[in-house]
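The chain contents come next:
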Amino acid sequence: VIERLKQVATRGGWHPRARRAGASNGAGARDAQLDFSRLAGRMLSELGVPQRFKGFVYLRDAISMACVRPFAVKTMMKSVYPAVAERYSTTPEAVERAIRHAIEVMCTRGDLSAITRIFGNSIDSEKAKPTNAFFIATLAERVKAGFTRL
């Protein structure tokens, strides 16, 4: 085991403190996005978004992207949807529709008390559901703040 560790360390780029310090090779950003993704997935599950939906995965990725790049939410169709679509070999329109469907299902079948705690009165009472961008931005703020329980 020690020999293997020496091999990994001598190849370059690996340092025991690299994760904490934010390595210049992007490993720190990947680790942060992975942590955001896990927390976003947990929050989506607690809100009642079914994990079997494609929209769950797309939302989780969009929320973690919004945590890393906060201004991406302002241009959903130009930055977030295409990035998620490329990752899953689909179209931005399909990503948008899957996210919208997941949010609709959450609003009809999800935990209403958790939804009210997160969104309060900011949801349009006529439509009774948040927009995709508002949903992603709000949950990204919560994830960044580190709220694990709703």
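Throughout what follows, the structure given in this document is the object of discussion. (Residues numbered from 1 in each chain as written. Predicted model: local features only at pLDDT ≥ 70, side-chain atom pairs only at ≥ 80, totals over all residues. Heavy atoms only, no water.)

### Some thoughts on the overall build of the chain
Note the threshold: Starting at the N terminus, helices and strands are each numbered in turn, a helix being any DSSP run of H or I of at least four residues and a strand any DSSP run of E of at least two. When accessible area is computed with a 1.4 Å probe and restricted to protein chains, residues below 20% of their type maximum are described as buried, those above 50% as exposed, and intermediate ones as partly exposed. Whether two residues are in contact is decided by their heavy atoms: any pair within 4.5 Å suffices. Accessibility throughout is a Shrake-Rupley quantity obtained with a 1.4 Å probe, and a residue counts as covered only by protein chains that appear here.
Counting its secondary structure elements, the chain contains 8 helices and 0 strands. Per-residue burial for the chain yields a buried fraction of 37% across its 150 residues. Long-range pairs, those at least 24 residues apart, make up 65% of the contacts in the chain with a sequence separation of at least 6. On the chain, roughly 9,300 Å² of surface is accessible, and the fraction owed to carbon and sulfur atoms is 53%.

### A closer look at helix 7 (residues 112-119)
What counts is decided by this rule: Here the arc refers to the directions that run from the helix axis out to each C-beta atom.
Within the span of helix 7, buried status applies to A114, I115, I118 and F119. For helix 7, the angular spread of buried residues about the axis comes to 110°, placing them on one side. Looking one or two residues beyond helix 7, the residue adopting positive phi is G120, at roughly 55°.

### A look at the pattern of salt bridges
What counts here: Each reported salt bridge corresponds to a side-chain nitrogen of Lys or Arg within 4 Å of a carboxyl oxygen of Asp or Glu.
One pass over the full model with this rule turns up 2 salt bridges. As a salt-bridge pair, D61 and R60 come within 4.0 Å of each other at their nearest N and O atoms. Of the charged contacts, one joins D61 and R87 as a salt bridge, the two residues approaching to 3.2 Å between their closest N and O atoms. Placement of the pair is D61 in helix 4 (residues 54-68) and R87 in helix 5 (residues 76-87), with a sequence separation of 26 residues. Judged by relative accessible area, which is 5%, D61 ranks as buried. Each member of the salt-bridge network shares a partner with another, and the members are R60, D61 and R87.

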